[in-house]
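The primary structure of each chain is shown beneath.
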Amino acid sequence: MLRNPFRDLDQKQLSRSSDILKSQNDYFKIVNKRIFIFSLIIVVLFSCIIVRLLFLQVRDKELYTDKLAAYSQKEESTPTPRGQMYDRNGNLVVKTASSHNIIYYPPKDVTSDEKWELAQKFTKQFKYEAKNMTKSDYEDLYMFLHTDENGKKDRGMSLLTPEEQKSKNYEKILRSRITEDMVNEIADEATKNAFAVYLSMNKAPAEHTKVIVEDASNEDVAYLMEHKEDFPGFDVDFGSWKREYPYKNMLRDVLGSVTTSSQGVPYEQKDYYESLGYALTDRVGSSGLEKQYESILKGTPRVSEVSFDENGIATLNEVSSGKKGYDLHLTIDAELQSKVDKIVQDTLKKYAGTSGRENLEKAFVVLMNPKTGEIYSMSGALKNKNDIINYSSGAYLDAYMPGSVVKGATVYMMLNEGIQTRTSTELDAPMYIAGTEVMKSYMNMGVVNAITALEQSSNVYMFKSTIKLAGGTYRENQPLNIDYTQTLNTYEKMRNYYTMFGLGTKTGLDVPNEVTGLAYTPTTAGQLLHYSIGQFETFTPIQLAQYVSMIANGGNRIQPKLVNYATEINSDYVVYENKTNVLGTINGSIEDLETVQDGFKACVEGNHCGLALKNMDKKIASKTGTAQVVVDGKNLVNQTQIGYAPYDDPEVSFVCSTPTSANDTSNAAASLCTTEILPQVLEEFFKIYK
């Protein structure tokens, strides 16, 4: 049998085929493996999606249902009634009374023309009168009504040239050309009133209740409720409120005001209020204690859900009733405050404008507990033409040169600095300093010490002590040899002492906008001398009250306050307490302060602070002050008196101030504080607080 010559070749090819087949089999294995892995990944991903869907539909169903509701439903918050204010004896001073507001919520898809037609109809029916429309509002009215020569509304653009119409400032130019006469020509009073309603209906935010009429009459409320279908979008808010004042004008400027619903939050502070969660239409305290204690008085808003009926009219369904604000309990005694107000106002009415008192326009009295800082009474009056009006806030808003009442702080400074001692003396006689007018007291007193200098109100004692404090020397008809650096250094030292007593700095009274008075930098040594007797810088009556209270209580500077605490409505549960706060203490000897106390006591006992105070049943310590001032070219005097009683255990510190009280003549009129106001005020105080 012949051997196949191709056998070896065939074997090689078969062998190669096997390798190729084997290689192909490995490739299929790899592909299958990858398909398996990919399929596994898909299964895992779909499993994750299924699990996530289960979580969304089962575990998080309530959460996402709430989110859906939040996006698809509208809610609106409405301020609840504010807390009330009571005096220290529980008498109602600021009352929150219910009222009815006529409100408007825009129906769905309502047009501007429909709103304008409705505004005109509303104005005619309810005899609405526009109030507080601004110049800008009237310009808006003109542009809203203006038509071109073809009778088409053009927003007043025909007043501009083609070039001006293309300007970025076209509206500013347009408004500058709209005059009052142009507005009156295009709109009568009824149209102006209707436009005021229209503006209120369109006030931002768009989808929010607008208050059209606050505290509407019962007749208007009844008519609207019977004819709501004629005024789509209008309704009555029966949960509204208003402020009432049982004591009428008493402390009105101190108690403060609340914005109206049409005003809302102050525009310049809208970012601040929005950050606190307020709506732009919310009513807020705009002044006085209403503003100071806004967070306590405001309460928690009422929340309503907005839904629309088949006619597109909004309905507000209450979700949360909210909570009324907390009640404030003041330190003020309303009975005493009313009596002091009458005394101050009657005195001003009797004497203002009379001979020698032609420039008398204001008077102030502050009664304060020197140990706690509680203000019993803060009275002020202002002559406005022929009327006498309340101006209690002037006690912390107006500052005056007080005169010699600051000598208590001056004497303490000199004792504490070692310039004087309790028994060291100075000769009170006219001082002749080179280059200046004669410096003297109101009379020559002879030899005086710290106590008698306060008793008789020696200017010379203060002058000579201040010269020594500044490192100068007094020699008749010679300069004091106090340079500018010494003057500044001495001024800083003196000011530190006065500030320590609360003079020339904020007292911390719980009201907004308390002023500090005017501070000046002296340029001459002579100004230091005037500073030592209260005739250089200005201080407020409340600063003087803090100052004399510090003398009365033994050296503690107490923060004055008008609010004691706050409670839950109709409850005694205290939610806020304004505790007595000691801001500082004297930095020297208590014996030096006792010397000042003895000087104040001697002023009354020696009949230098008024015979009426000397003859009172309660023993009183006091100090008077007269400051010469120039106002509108006239030489006038401010008259002031401070003190406390009883002097052995003080219950009350007092301040009386009558700026520009008399003409500066050699026979200046006697102080009204001494002769008229304080004797009556203290008598009334001790009738109540025996």
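Per chain, residues are indexed from 1 in the order of the written sequence. In keeping with the model being predicted, local features are shown solely for residues with a pLDDT of at least 70 and side-chain atom pairs are shown and tallied solely at 80 or more, while totals for entire chains, interfaces and linings include all residues. As a convention, hydrogens and water are excluded, and side-chain values are obtained from all of the structure's heavy atoms.

Engineer: What should I look at first to understand the overall build of the chain in this one?
Structural biologist: Strands are runs of DSSP state E lasting at least two residues, helices are runs of H or I lasting at least four, and both sets are numbered from the N terminus onward. A count of helices and strands for the chain gives 24 helices and 20 strands. Its C-alpha radius of gyration of 40 Å places the chain more than 25% over the 26 Å reference for a compact globule of 690 residues. With respect to the principal axes defined by its C-alpha atoms, the chain has extents near 165 × 85 × 65 Å. Exposed residues in this analysis have more than 50% of their type's maximum accessible area, buried residues have under 20%, and partly exposed residues fall in between, with area computed by a 1.4 Å probe over protein chains only. A total of 690 residues make up the chain; the buried ones form 46% of that total. Atoms counted for the radius of gyration: C-alpha only. Globule rule: 2.2 Å times the number of residues to the power 0.38.

Engineer: Help me understand the packing of helix H16 (residues 407-416) against helix H22 (residues 590-605), please; the structure alone is not making it clear to me.
Structural biologist: Helix-helix packing: each pair is described by the crossing angle between the helix axes and the interaxial distance. Whenever a helix is involved, its axis is fitted only over the stretch in contact; in every case the axis is a line through C-alpha atoms, and angles between N-to-C directions fall within 0 to 180 degrees. Where H16 meets H22, the closest approach of the two axes is 9 Å, and the angle between their N-to-C directions is 145°. In this structure, the crossing between H16 and H22 has a hand that is right-handed. Contacts between H16 and H22 involve Gly-408, Val-411, Tyr-412, Leu-415 and Asn-416 from the former and Asp-592, Leu-593, Thr-595, Val-596 and Phe-600 from the latter. Looking at the contact of H16 with H22 residue by residue, the classes come out as six nonpolar, three polar and one charged. Note on convention: the crossing is left-handed when the near helix lies turned anticlockwise from the far helix by less than a right angle, right-handed when the turn is clockwise. Any two residues having at least one pair of non-hydrogen atoms within 4.5 Å are treated as being in contact. By the convention adopted, Pro, Cys, Tyr, Trp, Phe, Met, Ile, Leu, Val and Ala count as nonpolar, Lys, Arg, Asp and Glu as charged, and the other residues, Gly among them, as polar.

Engineer: How should I be thinking about the pairing of strand E18 (residues 621-631) in this particular structure?
Structural biologist: Both faces of the sheet carry side chains from a regular strand, because those side chains alternate between them. Paired strands, as defined in this entry, are two strands with at least two bridges between them according to DSSP. The pairing of E18 with strand E19 (residues 634-645) spans 11 bridges and is antiparallel. Opposite Val-630, over in E19, you have Asn-635 as the bridge partner. From the end of E18 to the start of E19, which pair antiparallel, there are two residues, and Asp-632 there has a positive phi angle of about 55°.

Engineer: For this particular structure, what's the right way to read the state of the cysteines?
Structural biologist: Covalent bonding between the sulfur atoms of two cysteines is what defines a disulfide. Criterion for a disulfide: a pair of cysteine sulfur atoms within 2.5 Å. All told, the structure shown has two disulfides when counted by the stated rule. Two residues share a disulfide in this structure: Cys-656 and Cys-673, whose sulfurs sit 2.1 Å from each other. Residues Cys-656 and Cys-673 are joined by a disulfide whose S-S torsion is about -80°; by sign, that bridge is left-handed. Of this pair, Cys-656 sits in strand E20 (residues 652-663) while Cys-673 sits in helix H24 (residues 672-688); the two residues are 17 residues apart in sequence, bridging distant segments of the chain. Residue Cys-656 is classed as buried on the basis of its relative accessible area, which comes to 0%. Cys-673 sits in the buried class, given a relative accessible area of 0%.

Engineer: What am I meant to see in the pairing of strand E15 (residues 563-567) here?
Structural biologist: With four of its five residues buried, E15 lies for the most part within the structure. In terms of strand pairing, strand E8 (residues 327-330) meets E15 through four bridges, oriented antiparallel. When the bridges of E15 are listed, His-329 appears paired with Tyr-565. Bridge analysis of E15 against strand E16 (residues 574-577) gives three bridges, and the strand direction is antiparallel. Directly across from Tyr-565, in E16, lies its bridge partner Glu-577. Here E15 folds back onto E16, and the loop between the two strands holds six residues, one of which, Asn-570, carries a positive phi near 55°.

Engineer: What exactly am I supposed to notice about the environment of Met-157 here?
Structural biologist: Mapped onto the fold, Met-157 is located in the loop between helix H4 (135-145) and helix H5 (162-165). For Met-157, a relative accessible area of 21% puts it in the partly exposed group. Sequence-distant contacts of Met-157, that is, excluding residues within four places in its chain, are made with Gln-165 and Tyr-170.

Engineer: When you look at the sheet that holds strand E10 (residues 375-384) in this model, what are you seeing that I'm missing?
Structural biologist: Strand-to-strand pairing in sheets goes through backbone hydrogen bonds, with the strands running parallel or antiparallel. Sheet architecture is open: six strands sit in the order E11-E10-E9-E20-E19-E18, paired in antiparallel fashion. Each of the sheet's edge strands pairs with one partner strand only, and the pair in question is strand E11 (387-390) and E18. For this sheet, the mean inter-axis angle between neighbouring strands, taken without regard to orientation, is 15°. For strand E9 (residues 362-368) and E20, the ladder comprises five bridges, and the chain directions are antiparallel. Directly across from Leu-367, in E20, lies its bridge partner Phe-654. With respect to the sheet, H24 is in contact with E9, E10, E18, E19 and E20, its orientation differing from that of E20 by roughly 155°.

Engineer: Sorry, what's going on with the packing of aromatic side chains here?
Structural biologist: The geometry of an aromatic ring pair comes down to the distance between the two centres and the angle between the two planes. Two rings belonging to Phe, Tyr or Trp (six-membered ring only in the last case) form a pair when the distance between their centres is within 6.5 Å. Interplanar angles under 30 degrees mark stacking, angles over 60 mark edge-to-face geometry, and anything in between is tilted. Per the counting criterion, the structure on display carries 29 aromatic pairs. Sitting over a ring, as applied to charges here, requires NZ of Lys or CZ of Arg to be within 6 Å of the ring centre and within 35 degrees of the ring normal. Its end group placed over the ring of Phe-231, Lys-121 keeps NZ or CZ at 5.2 Å from the ring centre. If you follow Arg-252 out to its NZ or CZ, it ends over the ring of Tyr-245, 3.8 Å from the centre.

Engineer: Looking at this structure, I do not really get the packing of H4 against helix H8 (residues 189-201). What am I missing?
Structural biologist: Between H4 and H8, the least distance of the axes is 11 Å, while the angle of their chain directions is 100°. The angle between H4 and H8 falls in the class roughly perpendicular. Contacts between H4 and H8 involve Asp-137, Tyr-138, Asp-140, Leu-141, Phe-144 and Leu-145 on the former and, on the latter, Thr-191, Lys-192, Phe-195, Tyr-198 and Leu-199. Its residues placed into classes, the contact of H4 with H8 shows seven nonpolar, one polar and three charged. Each angle is binned into one of four classes, with values under 35 degrees roughly parallel, values over 145 roughly antiparallel, values of 65 to 115 roughly perpendicular, and all other values oblique.

Engineer: How should the environment of Lys-440 be read in this particular structure?
Structural biologist: Turning to its location among the elements, Lys-440 is positioned in the loop between strand E12 (426-428) and strand E13 (446-448). Each C-alpha atom of the pair Lys-440 and Ala-429 lies 6.5 Å from the other, and the pair is 11 residues apart in sequence.

Engineer: Explain the nonpolar core to me, please; I cannot follow it from the model alone.
Structural biologist: As a rule of thumb, nonpolar side chains are buried together in soluble globular proteins. Formed by 81 residues in total, the largest nonpolar core has its most connected members in Met-378, Phe-501 and Phe-600. Looking at which element gives the most residues to this core, the answer is helix H21 (residues 541-553), with eight residues. In contact with Phe-600, other than residues within four places in its own chain, are Val-405, Gly-408, Leu-454, Tyr-547, Val-548, Ile-551, Ala-621, Ser-622, Lys-623, Ile-642 and Tyr-644. Residues Phe-122, Leu-145, Met-182 and Val-213 belong to the second largest nonpolar core, which totals 34 residues. What is meant by a nonpolar core is a set of buried Ala, Val, Leu, Ile, Met, Phe, Trp, Tyr and Cys residues, joined one to another through side-chain atoms within 4.5 Å.

Engineer: How should the pattern of salt bridges be read in this particular structure?
Structural biologist: Pairs may arise between side chains of opposite charge once their charged atoms sit close together. Take a side-chain nitrogen of Lys or Arg and a carboxyl oxygen of Asp or Glu: if they are within 4 Å of each other, that pair is a salt bridge. Taken as a whole, this structure holds 27 salt bridges when the rule is applied. Between Asp-346 and Lys-342 there is a salt bridge; the shortest N-O distance is 2.7 Å. Here Lys-342 and Asp-346 lie together in helix H14 (residues 334-351), a separation of four residues that amounts to about one turn. By relative accessible area, Lys-342 is classed as exposed at 52%. Here Glu-537 and Arg-495 are joined by a salt bridge, their closest N and O atoms 3.5 Å apart.

Engineer: What am I meant to see in the sheet that holds strand E7 (residues 314-320) here?
Structural biologist: On the basis of which strands lie adjacent, the open sheet formed by three strands has the order E1-E6-E7 and antiparallel pairing. Strand pairing shows two members of the sheet lacking a second neighbour, strand E1 (74-78) and E7, which therefore form its edges. Looking at each pair of strands side by side, their axes are set apart by 35° on average, direction ignored. The pairing of E1 with strand E6 (residues 302-308) spans five bridges and is classified as antiparallel. Its bridge partner lying in E6, Glu-76 is registered against Ser-304.

Treat this as a map of the structure, not an account of what it does.
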